[in-house]
Amino acid sequence: MSFIGDFFKRNAMLNRWLRTQNEYAVRVSANPLNLDKAYWTPPLTPMAAFRVESLQIERELGLRSLVSISDHDTIGAPMALRVLPETRHVPISVEWTVPFGDAVFHMGIHNLPAFAAESMMENFREYTKSPRRERLTELLEWLDAQRDVLVVLNHPYWDLAHIGSDLHEKALHALLAEEGECIHALELSGIRSWEENQSVRRLAEGFNQMLISGGDRHGSEPNATLNLSSCTSFDEFVNEIRRDRQSHVLFMPQYRESNTLRVLHTLRAVTREYSEFPVGSQRWDERVFHCDRSGEMQPIAHLWSKPPIYIKAFFALLALLDVGPVDQTLRVALRQPDRFSAPLEGGEGAGR
């Protein structure tokens, strides 16, 4: 949840408020706020997330859907989906956290072979915990040798380690120079800015990389970027990207909306109570995790008797997004100039 701290630090009043709350937490519980380690599990179950993505494609575009769901450093969701008849063909995919020098990157590993998925996850976890350059090369070369596996460098310009844009970009170029032959595409993300996606397009041109759709959908909104393809299976789609070097990325209408408003809607989805969920995951504070005084991660529902009043007040404001006139007023107030005046096109080697 480090993005919350980053967002607050850009505003002097919010940053001062966050420091005050941290001091209060230390005084009351001797447990300072640690947004870098805190995280939440998205409100949607794997099946609900699958249906959100597939229904957008089938209803909005009238096309058959192929959906790959990749959680952070776990294949739990696709493995759970593959036991159900409706989703038995879902690929086994993961978003792997990859330290590289002082930087950290996310790689989308799609369509892992079932026979090796668990063992590869052990290898991924081992590397993330104790990164070594030569080991990264070995793992990527193994993935590249699997003809139906797709390796995507997700949101390449996101400085996940907070080392500064210059150092991050230097590490990014080094990663692509050293390992680019085993990376099959760069992500055009549905939650990153148009300007950042333009930078990814130029990066793809410079390193002869493909472009592909993707995005961290942590709330209930479907991805704002999609790939259009005539393929009928995910194996075929991987072949289209890796060997045919064809990629057709479509930006959906929600991408035109204010990113601030989309973030607020995500926060509303995360903080909403879902009575239909299993006991233990209905309330937001059961799905948000923070370390206790010993450093163990716990649902924050276990760390307090009830949410502080200022959090209740903030969430009450978020709930106003459910009121149609309020939401429409914000859409008008936060409307941005058309960011699509310059076409997002790639040169040779960059998929379009």
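Residues numbered from 1 in each chain as written. Predicted model: local features only at pLDDT ≥ 70, side-chain atom pairs only at ≥ 80, totals over all residues. Heavy atoms only, no water.

J.: Explain the pairing of strand E7 (residues 210–214) residue by residue, including any values.
T.: Buried residues dominate E7, accounting for 4 of its 5 residues. Both strand E6 (residues 185–189) and E7 contribute to a ladder of 5 bridges, which runs parallel. Bridge pairing in E7 places Ala 185 opposite Met 210. Between the parallel elements E6 and E7, the chain passes through helix H8 (residues 194–206) in a crossover that is right-handed. (Buried < 20%, exposed > 50% of the residue type's maximum accessible area, 1.4 Å probe, protein only. Helix = DSSP H or I, 4+ residues; strand = E, 2+ residues; numbered from the N terminus. Pairing = 2+ DSSP bridges. Right-handed = clockwise from strand over helix to strand, strands pointing away.)

J.: An account of the nonpolar core is needed here, citing residue identities and associated values.
T.: Within the largest apolar cluster, 40 residues are counted, with the highest numbers of intra-cluster contacts made by Trp 96, Met 107, Ile 109, Leu 112, Phe 124, Leu 143 and Leu 153. Going through the elements one at a time, strand E3 (93–100), strand E4 (103–110), helix H5 (117–129), helix H6 (133–145), strand E5 (150–154), helix H7 (165–179), E6 and H8 are the ones with two or more residues in this core. In contact with Trp 96, other than residues within four places in its own chain, are Asp 73, Phe 105, His 106, Met 107, Ile 109, Phe 124, Tyr 127, Thr 128, Leu 136, Leu 139 and Leu 140. (Core = buried A, V, L, I, M, F, W, Y, C linked by side-chain atoms within 4.5 Å. Contact = heavy atoms within 4.5 Å.)

J.: Give me the environment of Leu 228: which residues, what numbers.
T.: By secondary structure assignment, the location of Leu 228 is in strand E8 (residues 225–228). Residues Leu 228 and Ser 247, 19 residues apart in the sequence, show an inter-C-alpha distance of 7.6 Å.

J.: Lay out the sheet that holds E6 in plain terms, naming residues and giving numbers.
T.: Overall, mixed pairing links the 6 strands, which are arranged E2-E3-E4-E5-E6-E7 in an open sheet. Looking at strand neighbours, the two that pair on one side only are strand E2 (70–72) and E7, the edges of this open sheet. Geometrically, the sheet is characterised by an average inter-axis angle of 40° between neighbouring strands, direction not taken into account. Of the pairings in the sheet, the one linking E2 to E3 comprises 3 bridges and is parallel in character. The residue bridging His 72 from the neighbouring strand is Glu 95, located in E3. Contacts from H5 reach E3 and E4, with the element oriented near 25° to E3. The sheet contacts of H6 involve E3, E4 and E5, and relative to E3 the element is tilted by about 155°. (Axes fitted to C-alpha atoms, helices over the stretch in contact; angles between N-to-C directions.)

J.: Describe H6, and please don't skip the residues or the numbers.
T.: Residues separated by three or four positions in an α-helix point in the same direction, a consequence of the helix having 3.6 residues per turn. For H6, spanning 13 residues, the distance from its first C-alpha to its last is 18 Å, which sits close to the expected 18 Å at 1.5 Å a residue. Listed as buried for H6 are Arg 135, Leu 136, Leu 139, Leu 140 and Leu 143. Taken around the axis of H6, the buried residues stretch over an arc of 130°, which confines them to a single face. Its buried side turned inward, H6 meets E3, E4, H5, E5, H7 and helix H9 (234–242). (Expected span 1.5 Å × (residues − 1). Arc of directions from axis to C-beta.)

J.: How would you summarise the pattern of salt bridges if you had to cite specific residues and measurements?
T.: One pass over the structure, following the stated rule, counts 15 salt bridges. The closest approach of N and O atoms between Arg 283 and Glu 286, which form a salt bridge, is 3.5 Å. Relative accessible area serves as the criterion here: at 35%, Arg 283 is assigned to the partly exposed category. Between Asp 327 and Arg 331 there is a salt bridge; the shortest N-O distance is 2.9 Å. Note that Asp 327 and Arg 331 are positioned in helix H13 (residues 324–333) at a spacing of 4 residues, about one turn of the helix. In this structure, a network of salt bridges that share partners links the residues Glu 257, Asp 327 and Arg 331. (Salt bridge = Lys/Arg side-chain N within 4 Å of Asp/Glu carboxyl O.)

J.: Tell me about the packing of aromatic side chains, residues and numbers included.
T.: Following the criterion strictly, the structure yields 11 aromatic pairs and no others. Each member of the aromatic cluster is reached from another via a ring pair, and the members are Trp 284, Trp 304, Phe 314 and Phe 315. The aromatic ring of Phe 100 is capped on one face by Arg 133, whose charged end is 3.9 Å from the ring centroid. (Phe/Tyr/Trp six-rings, centres within 6.5 Å; stacked < 30°, edge-to-face > 60°. Lys NZ or Arg CZ within 6 Å of the ring centre and 35° of its normal.)

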